[in-house]
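Fold and contact review
Residues per chain are reported as follows:
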Amino acid sequence: ATLYWRAARRVVDAVARHEARILVGHSFVFVAVAVLSIGLALFGGARYGGLSGVSYGLIGPLQALYHSLAARYWKAPAAPAVHIG
């Protein structure tokens, strides 16, 4: 996530900057699921500790949710017109 964050700050092209910012959130979905899994493993005890591995099944649905919300609320800037000729 940090690499995409740095790329988003350094890129001068608006379309590439938008793409890097979307990928920052994409990476944070993985981080959130990993934190959930670690939390369940450490603090879940006998009742919820076994769900720590199963929690990685949330990656797909959470990625779909993130990208659908990102497409709805964070529109990509228009690409510059390319002159052919």
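Scroll up to find the structure.
If you're wondering where the values come from, they're calculated on a predicted model, not measured in any experiment.

Scoring rules and cut-offs
Residues numbered from 1 in each chain as written. Predicted model: local features only at pLDDT ≥ 70, side-chain atom pairs only at ≥ 80, totals over all residues. Heavy atoms only, no water. Helix = DSSP H or I, 4+ residues; strand = E, 2+ residues; numbered from the N terminus. Rg over C-alpha atoms; globule rule 2.2 N^0.38 Å. Buried < 20%, exposed > 50% of the residue type's maximum accessible area, 1.4 Å probe, protein only. Contact = heavy atoms within 4.5 Å. Areas by Shrake-Rupley, 256 points an atom, 1.4 Å probe, with all protein chains shown as cover. Expected span 1.5 Å × (residues − 1). Axes fitted to C-alpha atoms, helices over the stretch in contact; angles between N-to-C directions. Parallel < 35°, antiparallel > 145°, perpendicular 65-115°, else oblique. Left-handed = near helix turned anticlockwise from the far one by under 90°. Nonpolar A, V, L, I, M, F, W, Y, C, P; charged D, E, K, R; others polar. Phe/Tyr/Trp six-rings, centres within 6.5 Å; stacked < 30°, edge-to-face > 60°.

**Notes on the overall build of the protein chain**
Along its length, the protein chain carries five helices and zero strands. Along its sequence from the N terminus, the protein chain presents helices and strands in the succession α-α-α-α-α. Rg of the C-alpha trace for the protein chain: 18 Å, well past the compact-globule value of 12 Å for 85 residues, more than 25% over. Projected onto its principal axes, the C-alpha positions of the protein chain cover 70 × 25 × 20 Å. Evaluated residue by residue, the protein chain yields a buried proportion of 20% over its 85 residues. Pairs at least 24 residues apart make up 51% of the contacts formed inside the protein chain by residues separated by at least 6 positions. Total accessible area computed for the protein chain in this model is approximately 6300 Å², and 69% of it derives from carbon and sulfur atoms.

**Section: the environment of Phe28**
Within the element layout of this structure, Phe28 appears in helix α2 (residues 14-43). Residue classification places Phe28 among the partly exposed residues on the basis of a relative accessible area of 44%. Distance in space between the C-alpha atoms of Phe28 and Thr2 is 9.7 Å, their sequence separation being 26 residues.

**Details of α2**
The end-to-end C-alpha distance of α2 is 43 Å, a good match for the 44 Å that 30 residues give at a rise of 1.5 Å each. Looking only at α2, the buried set comprises His18, Ala20, Ile22, Val24, Gly25, Ser27, Val29, Val33 and Ser37. Phi turns positive, to about 65°, at Gly45, one or two residues after α2.

**Let's talk about the packing of helix α1 (residues 2-10) against α2**
Where α1 meets α2, the axes come as close as 8 Å, and the angle between the chain directions of the two elements is 160°. Regarding the angle of α1 to α2, the classification is roughly antiparallel. The two elements α1 and α2 meet at a crossing, and its hand is left-handed. Between α1 and α2, the residues in contact are Tyr4, Trp5, Ala7 and Ala8 and Arg17, Ala20, Arg21, Leu23, Val24 and Ser27, respectively. Of the residues assigned to the contact of α1 with α2, the class counts are seven nonpolar, one polar and two charged.

**Observations regarding the packing of aromatic side chains**
All told, the structure shown has one aromatic pair when counted by the stated rule. Summarising the aromatic geometry, the rings of Tyr66 and Trp74 are spaced 6.2 Å apart at their centres and angled 55° between planes, so their arrangement reads as tilted. Judged by its relative accessible area of 14%, Tyr66 is buried.

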